[in-house]
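Architecture at a glance
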Amino acid sequence: MLSSELNADLHSHSIISDGVLAPAQLAARAKSNGVELWALTDHDEVRGIPEARAAAHDLGMRYIPGVEISVTWAGKTIHIVGLNIDETSQGLVDGLAKTRSGRESRARDMAAELASRSGILNAYEGALKYVGNPDLISRSHFARYLVEIGACATVSDVFKHYLAEGKPGYVPHRWATLSDAVGWIRNAGGTVVVAHPGRYDLTPLAFDAFFTEFKNLGGLAIETVTGSHTVDQYEEYTKVAAQYGFLSSRGSDFHSPQDAEIDIGHLPVLPSMAKPVWETWV
Ligand code: AMP
Ligand code: MN
Ligand code: MN
Ligand code: MN
């Protein structure tokens with residue numbers, strides 16, 4: 001079998017960030033969906049890794065320790081995935097703790113905005129019901145609560161109407177810098193990957209500046225086949241990868257059986273011209 005045909009799913013979330021399944025439950029779902037190489041990549045958090053690794057080991061599924069770091073670049077939020085990291089690296093652990101630290105007050109500000117601008121009361125307490133890790137309250141938890149109270153029918157509608165930039169519950173936030181996030185991952189021995197590039201609202205010129213800076217900092221790969229991309233974008237970003245000399249990663253970005261557009265392990269294989277980021281690991 002070609003390495004590019006491996007069922008690798010290198011982007012997924014557990015209850016340790018904004019997913020709904022425990023790491024071991026997620027491992028079991030990945031295995032039963034045919035995943036052959038799996039990474040849990042919780043937002044700004046590595047504390048789910050020991051459970052994920054042990055569960056993958058018990059299931060006989062190859063496992064890569066990962067993380068997804070929230071970054072602010074040119075005023076925009078960008079997600080950077082670190083794969084094959086040493087999750088005990090002190091610089092990484094400290095950097096992630098710092099990145100998480102603003103979430104609590106941001107969440108309180110979001111609740112205040114939802115109350116004053118949309119009349120939605122007690123959203124902080126409501127979101128907390130969905131939180132598995134008190135250090136990681138995210139917009140996804142608010143979205144689940146807003147669905148619960150009937151403000152919208154789906155999580156994706158909640159983002160559209162309440163939580164996306166410019167909407168009543170959106171609170172601007174400054175995350176890690178690109179160079180810090182890349183540095184933490186590299187110092188932890190990891191491979192640095194741009195998550196779902198098709199989701200960022202950047203002009204072609206800004207994209208070029210971003211990819212160039214990412215490459216100069218030591219970034220190696222971009223996600224081409226992800227649950228956040230359209231089929232056309234699989235090809236588009238495979239061409240981008242070729243242009244900049246990046247490897248390709250593949251991951252569903254699975255969070256929850258209820259909200260998933262693409263289940264864990266259910267993505268198409270990489271386009272044939274893509275160079276898999278896992279080629280040297282398997
Ligand atoms: P936060 O880190 O608190 O800003 O939350 C970001 C998370 O919200 C992402 O990782 C996604 O899981 C989720 N998210 C962002 N935009 C959307 C969207 N349009 N539809 C569904 N989920 C989204
Ligand atoms: Mn998420
Ligand atoms: Mn992301
Ligand atoms: Mn993600």
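Look above for the structure.
A brief look at the structure comes next. (Residues numbered from 1 in each chain as written. Chains lettered and ligands numbered in written order. Predicted model: local features only at pLDDT ≥ 70, side-chain atom pairs only at ≥ 80, totals over all residues. Heavy atoms only, no water.)

**A look at the coordination of the manganese ion (ligand 2)**
Taken together, the protein donors to the manganese ion (ligand 2) comprise Asp18 (OD), His43 (NE2) and His255 (NE2), at separations of 2.2 Å. Every donor residue of the manganese ion (ligand 2) comes from the same chain, spaced as D-x24-H-x211-H. A residue is classified by how much of its surface remains accessible, and Asp18, at 4% relative accessible area, is buried. (Donors = N, O, S within 2.8 Å, 3.2 Å for Na, K, Ca; no water. Buried < 20%, exposed > 50% of the residue type's maximum accessible area, 1.4 Å probe, protein only.)

**Looking at the coordination of the manganese ion (ligand 3)**
Protein coordination at the manganese ion (ligand 3) comes from Glu68 (OE), His79 (ND1) and His196 (NE2), with a distance range of 2.1 to 2.2 Å. The sequence pattern describing where the donors of the manganese ion (ligand 3) fall on their chain is E-x10-H-x116-H.

**Here we look at the site of ligand 1**
Around ligand 1 sit 13 residues in total, of which His43, Arg103, Arg106, Arg139 and His255 are the nearest. Note that an oxygen atom of ligand 1 is positioned 3.0 Å from one of the side-chain N or O atoms of Asp18. Ser140 places a polar side-chain atom, nitrogen or oxygen, 3.4 Å from an oxygen atom of ligand 1. Here ligand 1 has 500 Å² of accessible area as a free molecule, and 78% of this is covered by the chains. When each cavity is represented as a set of grid points, ligand 1 is found to reside in the largest pocket. Broken down by secondary-structure element, the contributors of at least two residues to the shell around ligand 1 are helix H4 (103-118), helix H6 (139-148) and helix H7 (155-163). By residue number, the principal contributor to the shell around ligand 1 is H7, which donates three residues. Taken together, the residues of the shell around ligand 1 sort by class into two nonpolar, six polar and five charged. (Near = heavy atom within 4 Å. Polar contact = N/O pair within 3.5 Å; in protein donor to acceptor, adjacent residues only side chain to side chain. Areas by Shrake-Rupley, 256 points an atom, 1.4 Å probe, with all protein chains shown as cover. 1 Å grid on protein atoms, 1.4 Å probe; cavity = no way out; pocket = protein on both sides within 12 Å on 5 of 7 lines; lining within 4 Å. Sits in = over half its atoms within 2 Å of the grid points. Helix = DSSP H or I, 4+ residues; strand = E, 2+ residues; numbered from the N terminus. Nonpolar A, V, L, I, M, F, W, Y, C, P; charged D, E, K, R; others polar.)

**Quick word on the pairing of strand S5 (residues 76-83)**
Where burial is concerned, most of S5 is hidden: six out of the eight residues are buried. For strand S4 (residues 66-73) and S5, the ladder comprises eight bridges, and the chain directions are antiparallel. When the sheet's bridge partners are listed, Thr72 is paired in S5 with Thr77. Here S4 folds back onto S5 in antiparallel fashion, the turn holding two residues, of which Ala74 has a positive phi close to 50 degrees. The sheet contact formed by S5 and strand S6 (residues 191-194) spans four bridges and is antiparallel. Across the sheet, the residue bridging to Ile80 is Val194, located in S6. (Pairing = 2+ DSSP bridges.)

**Notes on the layout of surface pockets**
Of the volumes computed, that of the largest pocket is approximately 1,600 Å³. In terms of lining, the largest pocket is formed by 48 residues, of which the most central are Arg139, Ser140, Phe159, Arg199 and Asp253. When contributions to the lining of the largest pocket are tallied by element, the ones reaching two or more residues are S4, S5, H4, H6 and H7. Class assignment of the residues belonging to the lining of the largest pocket gives a composition of 15 nonpolar, 19 polar and 14 charged. (Points joined across faces, edges and corners; volume = space filled by probe spheres on them.)

**Quick look at the nonpolar core**
Core analysis: the biggest nonpolar cluster contains 64 residues, and Leu10, Trp38, Ile69, Ile80, Phe210 and Phe211 have the highest contact counts within it. With sequence-adjacent residues up to four places away left out, Ile80 is seen in contact with Val67, Glu68, Ile69, Val71, Leu178, Ile185, Val192, Val193, Val194, Phe210 and Phe214. In this structure, Phe142, Cys152, Val158 and Leu163 belong to the second largest nonpolar core, which totals 20 residues. (Core = buried A, V, L, I, M, F, W, Y, C linked by side-chain atoms within 4.5 Å. Contact = heavy atoms within 4.5 Å.)

**A few points about the side chain of His255**
Residue position: His255 is located in the segment after strand S8 (247-251). Taking the relative accessible area as the measure of exposure, His255 reaches 18% and is therefore buried. There is a polar contact of 2.8 Å between the side chain of His255 and the backbone oxygen of Asp253. Excluding residues that lie within four positions of it along the chain, His255 makes contacts with His13, Asp18, Gly19, Val20, His43 and Arg144.

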